Amino acid sequence: MRFSNEKIVGTSVLPDEAIPLLEGEGRFINDISFSGMYHVAFLRSQYAHARLVSVDTEAARAMPGVIKVMTGAELAGKVEPFRSMPNRFSGGESVQHWLAVDKVRFCGEAICAVVAEDRATAEDAVDLIEVDYDPLPVVTKAREGEMDDAPRIHDECANNHLIKREYERGEVDEAFANAHAVVERSFHIGRKQAMCLEGRGCVAAFRQGSFKLSVWMSHQLPYVVRHYLAKHLKLGETDVRVIAAQTGGGFGQKASIYPEEFLCSYLALQLRRPIKWVEDRLENMVASTHARENDVELKIAFDKDGHILALDSDIWADVGAYSTYLWSAGMEPLQIAGLMPGPYKVPAMRYVTRGVATNKTPVGPYRAVGRPTASTSLELLLDDAARQLGMDPVELRKRNLITADLMPYRNANNLLHDHVNYEACLDLSAAKANYQKLREGQESAAPNGKLRGIGVACFAELTGLGTSTAVGPGTLLQPGRDAVTLRLETSGALTIAAALPSQGQRIATAMCQVAADELGMKLEDVNCVTNDTAMAPYGFGTFASRTAVFGSGAVIKAAQELRERLLALGAHLLETPKEELGIVDSAIQTLDRSKSISLANLAEQSFFSAKHIPDELNQGFEITSFYDPKFGSFAAGAHTVVVDVDPETGDVEIVRYVAVEDVGRVINPAVVEGQIIGGIAQGIGEALLEELIYDEDGQPRTVTLADYLVPSSMEIPKIELHHANTPSGAIGGFKGCGEGSIIGAVGAIACAINDALSRKGGDLRAFPATPERVLRALNVEMRDA
Amino acid sequence: MARDRTITCKVNGRAYEKSVPVRQSLADFLRDTLSLTGTHLGCEHGVCGACTVLMNGRSVRSCLTLAVQADETDIVTIEGLRSDSGEWHQIQKSFHENFGLQCGYCTPGFLITAIELLEENPDPTENEVREALSGNICRCSGYSAIVTAVMAAARDMLELQKT
Amino acid sequence: MKAPWFEYQAPRTLEEGLETLRDAGEDGRVLSGGQSLMPMLNMRIAAPTHLVDINRIDALNHLTVESDTLRLGALVRHADVLRSKSIREGWSLLAEATTQIAHIAIRNRGTVCGSISHNDPAAEHPGVLAAYDGTVVIASTEGTREVSAEEFSDGMMSTILEPGEMVIEVRYPRPAPGAGQAFVEYARRLGDFAIAGVAAILEVRNGTCERARLTIVGMGDGPFRATGAENILTGETLDASTSAELFAAASAKVMDEVDPAEDVHASSGYRRHLAGVLTKRALITAFARTGGV
């Protein structure tokens, strides 16, 4: 008999997590201070590729207030550099020293670390360091960098291929030979970065509390950091505590292992003082991982009814100077290629994908990794096919979506689609947008000579991946299971502990909601800690839209066991058979409530009056459960976007945005809505505004927030959000929702722009769709000097 | 070279007299000298708006203002929004009830900017709200919930004024 | 991004301020709004030895409307311009351009004279002052001098200010009654620096364009005075039947004459094209606003 509440999951519970933030009492990295703390500033490379001939730190070391100036030469031999995760698709090893030793390979690479009494003094000292660079030839384009005669960035990496993989499944050549229509295009997605409002940073402290090394970091994966810190600093894992401090945005940029925080930890041990480093914005633009910058050549074969017969793609990802530690340079190229089919039936596919090293900031994971690139390329090509075949673009998509009646459906990329309804999303999106009416009125609708375009993009987003599907394809470190501990406290309250830190997604709130419902407890009696390795069981952390699935799934598993134990003791204390009892509002009671005992009372007896409780019923109320969903849970969506393009200025205005999403069983609707709209906003940035630009010497040209443009409140239209949710096959029916919407946004906006341009014979395949790119796509004459 | 100057200022209603390095920003003065770490640094070149505080009733970028320039001024930061008895300003309530924040890093700047807006324009349209907030960057929310929160605060504050 | 060291003074009178500025020598800088200077210090791309903070000099804080001139002292903020009904009514181009400057918090501190002194080619104020045939009043311990807006600009981020000199006032002649004024710019986002912008003032009497002033912002060097385009319009019959052709010709002339730079936001070709498009739009709007005279 089960009569728990089942009312809290699905409601927009106000998050307690937000309270300190609203009062200015959140403790972000830069808010943490210890007495005697030193501050670090880095000298960073001014050259994209150069030999370091000499580094003169004498004047810097002599400055009053400077404690130490660390160079790569001093560090070499004392710590192991980051060798790229041996990935079975690796073209060669990339070795990244924490501070450059003989060579620098990107503008912004750290060369020296100055430790001083305050940050301003550290920066003064940085200005006094003299570096003699011997410039080397520079690689700035992936397609050029893979040529045989291109300069080599890593000695053992031929053709600068940090990663290369080929894949074929099904009869691809045959499909193309027999196709009724073949559409083929090239695409370019520009380089971008997560641009969290808060940069990276850490406070590393020696013997603060009971740990030899405690490190507060702005980071998404505290236990993974602990693992590698212990390894690189030759400490036992129990010597190290990692706390993900209040983190101001992550989006994947804070899910890699970087040299700076590791160096600060080393310095804390060496100098035996707390060490703080805060990444300022100028640093962040060059020192934190970049994303995207992909070239895709895509070819699709169709039959006469518009069914996809085969996909053939050639992909280049400009992955920067090093294979980032943990996820490797393989992330983007492998995911673009492998996830290209999206929600569509693809019987045969082939790809060649490459991660090419260049002399730029290394690329790491960022919201939806390769899927926006893959989806945008595919969706644009579907629109091209629709035009060629004389078919409506939505109709073409309907014919190709994997439908519910075919599921479980294994696609040519070997992914299994189940518990998701792509068609329902597309139908609802078209209905809510009044798609037919939009098309009918398209020519006359736009004001003032503007060109109106309509774009519809469907996406599939694999969330909550278990061990059978690689998040980091080919990497040695394979996440896929996570643990949660539920503990009844002496007061009868429940503590949930997990290593799943939030960067604003309200993970703790969501897990409290699930636990409260599963256990029949009042929400106010449930608390959650998510950021501290000293408190949580092992977990991989927050990335790849996994916490709703893993955290909630593990909570449910643990709660089931905890319930049993609580009811067993309750049965003893109430002298009632267990089958007649349930838990409601934090009390164990019979259905008619004639007998009841609060969990507070039960806990007190269990802990403080154990004499009369049989041993086997009092083995503790602390349960740790691991959860591996084995497979992933497909989230999905269909976004319909209407744009007006100004053919004189190239300006693109989004005039209507309809988003339909399938995020499985929703825990907190308001939180989910925030995630979806946040993802759409980043997608708008990606489609229209954001680009990191380098010149041919590898010098970054977009170095401030005046150059790198992210959307403000004026660039985001009203989003009409609707749901077509299908529960997942994972425990609880949850799906992840943090990344899907950015995929839909980039794809739908790209399609809408091209729909507008196609009316004038224009064609835009490079993004972001800056006004200038739009005008060039319209063949508007523009005279340079 | 005189590297320090003594300034007197009021912050959140409390008077201070402090010796400050002339090069110290107002943001760093608030955060490091007064331990009011609620004002955040997101760019230190005036674009992101996370550092926005009120100086003599007007919003300013504390990262672009020197601490010495705050001499003889009245500063309000996010910490000063709740009353002495701990009750929240309406804007804080509205942001909480409308999920107007996620990571919270940009929130201090938004609250201050919203307060100034509603002071000058107690009944703004949605477009006026969006325009007033356009100098504050949020990377998490896509602004929708923030705009809703400010509109709700405007409505609630007007209601309170009537009673 | 912490500023390097500098000497700091905060004089209380103009006399004191000018003396301090003189003594600061070549590497002394005036600190007014600080919205351009402080980012440069925080990024360490500028390292002035002395900052002379003029914010305490009350005499500089005046916004004076006279019958034929608007005079703005060095401490008039962009926000003050927006709050002034007299400016909205009499110098609407100035008010309109100021709405495009950055965002509220920046406008609360940034000053008009500071913007003029900084002379960023993408900034609005230098172009607007030139469109009004405005002047700049320069002061030093040697005295004051008044120069035209165009004389004042000396190229990108450069003016004729010598060490020890500062701008204490800018002056805008009042346009003729019935003049149509417009400012149109295109930026990637609201408040960003203009990729291109056009300030236009048209005086039309009895169907004839008696006077046209056109400056283009964002062209790389400083405000570009489009005299060629002005000449196309001046003296011509300007009415509903002639405006389209005239404005197209003016726009084409502007595209011929500007020499825009390229940067991370736009190529020179796109800027040139945009200058043409915005010229046409600004002229249409200014013309629509001309009063019946």
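Quick caveat, the model's predicted, so the values are computed rather than measured.

Another point: the overall build of chain B. Helix and strand content of chain B: five helices and five strands. Helices and strands in chain B line up, N terminus first, as β-β-α-β-β-β-α-α-α-α. Computed over the C-alpha atoms, the radius of gyration of chain B is 16 Å, within 12% of the 15 Å expected from 2.2 N^0.38 for a compact globule of 163 residues. If you line up chain B on its principal axes, its C-alpha atoms span 50 × 35 × 25 Å. Here chain B, with 163 residues, has 64% of them falling under the buried criterion. Taking as baseline every contact in chain B between residues at least 6 positions apart, the subset at least 24 positions apart corresponds to 53%. Here chain B has roughly 5,900 Å² of accessible surface; of this, 43% comes from carbon and sulfur atoms. Charge centroids of chain B, computed over 15 positive and 21 negative side chains, lie 5 Å from each other.

Along the backbone of chain A there are 21 helices and 31 strands. Its C-alpha radius of gyration of 27 Å places chain A within 12% of the 28 Å reference for a compact globule of 785 residues. Based on the C-alpha atoms only, the size of chain A along its principal axes is roughly 90 × 70 × 50 Å. Each of the 785 residues in chain A was classed as buried or not, and the buried ones make up 67%.

For the rest of this paragraph, the subject is the nonpolar core. With 151 residues, the main nonpolar core has A:Leu688, B:Ile91 and B:Phe95 as its most contacted residues. The contact partners of A:Leu688, leaving out residues within four places of it in the chain, are A:Val652, A:Ile654, A:Ile749, A:Ile753, A:Pro768, A:Ala769, A:Thr770 and C:Arg188. Formed by 49 residues, the second largest nonpolar core is a distinct cluster that contains A:Leu221, A:Ile257, A:Tyr266 and A:Leu269.

Listed as interface residues are 55 residues of chain A and, on the opposing side, 42 residues of chain B. Interface area lost by chain A to chain B is led by A:Leu22, A:Leu197 and A:Ser713, which between them contribute 21%. Put simply, chain A and chain B have four salt bridges between them. With its nearest N and O atoms 2.7 Å apart, the salt bridge here joins B:Arg23 to A:Asp124. Put simply, chain A and chain B have 20 residue pairs in polar contact (both at pLDDT 80 or more) between them. Taken together, the elements giving at least two residues each to the side of chain A that touches chain B come down to α1 (18-22), α4 (119-126), β10 (181-193) and α19 (669-689) of chain A.

For the rest of this paragraph, the subject is the environment of A:Val296. All names here are of chain A. By the secondary structure assignment, Val296 is in strand β15 (residues 290-302). Through-space distance from the C-alpha of Val296 to that of His188 is 6.4 Å; in sequence the pair is 108 residues apart. Residues within four places of Val296 in sequence aside, it is in contact with Arg185, Ser186, Phe187, Asp314, Ile315, Ile336, Met340, Thr373 and Ser377.

Looking now at the pairing of strand β13 (residues 240-244) of chain A. All names here are of chain A. Most of β13 sits inside the fold, with four of its five residues counted as buried. Direction of pairing for strand β12 (residues 213-217) relative to β13: parallel, over a ladder of five bridges. Along β13, the bridge assignment pairs Leu213 with Val240.

Residue and element names in this part refer to chain A. Look at the link from Met407 to Pro408: it is a cis peptide, with omega at 0°. Residue placement: Pro408 occurs in the loop between α12 (393-400) and β18 (409-410). Phe767 connects to Pro768 through a cis peptide bond whose omega is 10°. Of note, Pro768 is situated in the loop between β31 (766-767) and α21 (771-777). In this model, Leu326 sits at a positive phi of 100°, which is unusual for a non-glycine residue. With respect to the helices and strands, Leu326 occurs in the loop between β16 (308-320) and α10 (331-338). The exposure class of Leu326 is buried, given its relative accessible area of 2%. For Asn414, which is not glycine, the phi torsion reads 70° and is therefore positive. Relative to the helices and strands, Asn414 is located in the loop between β18 and β19 (416-417). Residue classification places Asn414 among the partly exposed positions, given a relative accessible area of 38%.

Okay, the domain arrangement of chain B next. Residues and elements named next belong to chain B. Considered domain by domain, chain B is made up of domain 1 (4-80) and domain 2 (90-162). When each unit is reduced to the centre of its C-alpha atoms, the spacing between domain 1 and domain 2 is 22 Å. Facing the 18 residues of domain 1 at the interface are 15 residues of domain 2. In total, about 1,200 Å² of surface goes out of reach between domain 1 and domain 2, with carbon and sulfur atoms giving 56% of it. Seen at the junction of domain 1 and domain 2, the total is one salt bridge. Across the salt bridge formed by Glu120 and Arg58, the nearest N and O atoms sit 3.0 Å from each other. The interface formed by domain 1 and domain 2 includes seven residue pairs in polar contact (both at pLDDT 80 or more). When residues of the side of domain 1 that touches domain 2 are traced back to their parent elements, those giving at least two are β3 (52-55) and β4 (58-61).

What follows concerns the confidence of the model for chain B. Taken over all residues, the pLDDT of chain B has a mean of 97, while the share at 70 or more is 99%. Interface confidence for the predicted complex, expressed as ipTM, amounts to 0.98; the pTM equals 0.97.

The next thing to look at is helix α18 (residues 599-608) of chain A. Residues and elements named next belong to chain A. By the burial criterion, the buried members of α18 are Leu599, Leu602, Ala603 and Ser606. Looking straight down α18, one finds its buried side chains confined to an arc of 95°; they lie on one side. If you follow the buried residues of α18, they end up packed against β21 (482-488), α17 (547-574), β24 (581-584), β25 (587-590) and β26 (596-598).

Further remarks concern the packing of aromatic side chains. As enumerated under the stated definition, the model contains 19 aromatic pairs over all chains in all. Ring centres of A:Phe28 and B:Tyr105 lie 4.9 Å apart, and the angle between their planes is 80°; on these two criteria the pair is classed as edge-to-face. Here A:Phe28 is found in the loop between α1 and β1 (38-44), whereas its partner B:Tyr105 is found in the loop between α2 (90-97) and α3 (107-120) on a different chain. The pair A:Phe28 / B:Tyr105 is uniform in exposure class, with both members buried. Centre to centre, the rings of A:Tyr47 and A:Tyr133 are 4.6 Å apart; their planes meet at 45°, and the pair counts as tilted. Of the two residues, A:Tyr47 sits in the loop between β1 and β2 (50-56) while A:Tyr133 sits in strand β8 (residues 130-135), which places them 86 residues apart along the sequence. Assessed through its relative accessible area of 34%, A:Tyr47 is described here as partly exposed.

Another point: the interface of chain A and chain C. Each partner contributes to the interface: chain A provides 36 residues, whereas chain C provides 29 residues. Of the roughly 2,800 Å² buried at the junction of chain A and chain C (both faces included), carbon and sulfur atoms supply 51%. Joining chain A to chain C, the criterion identifies eight salt bridges. For the salt bridge of C:Asp256 with A:Arg783, the shortest nitrogen-to-oxygen distance reads 3.3 Å. The tally of links from chain A across to chain C stands at 20 residue pairs in polar contact (both at pLDDT 80 or more). Within the residue set of the side of chain A that touches chain C, elements represented by two or more residues are α4, α9 (281-287), α19 and α21 of chain A.

Definitions and cut-offs
Residues numbered from 1 in each chain as written. Chains lettered and ligands numbered in written order. Predicted model: local features only at pLDDT ≥ 70, side-chain atom pairs only at ≥ 80, totals over all residues. Heavy atoms only, no water. Helix = DSSP H or I, 4+ residues; strand = E, 2+ residues; numbered from the N terminus. Rg over C-alpha atoms; globule rule 2.2 N^0.38 Å. Buried < 20%, exposed > 50% of the residue type's maximum accessible area, 1.4 Å probe, protein only. Contact = heavy atoms within 4.5 Å. Areas by Shrake-Rupley, 256 points an atom, 1.4 Å probe, with all protein chains shown as cover. Lys, Arg positive; Asp, Glu negative; His and termini not counted. Charge placed at Lys NZ, Arg CZ, Asp CG, Glu CD. Core = buried A, V, L, I, M, F, W, Y, C linked by side-chain atoms within 4.5 Å. Buried area = accessible area lost by both parts, 1.4 Å probe. Salt bridge = Lys/Arg side-chain N within 4 Å of Asp/Glu carboxyl O. Polar contact = N/O pair within 3.5 Å; in protein donor to acceptor, adjacent residues only side chain to side chain. Pairing = 2+ DSSP bridges. Domains from an automatic or database assignment. pLDDT = per-residue confidence, 0-100. Arc of directions from axis to C-beta. Phe/Tyr/Trp six-rings, centres within 6.5 Å; stacked < 30°, edge-to-face > 60°.

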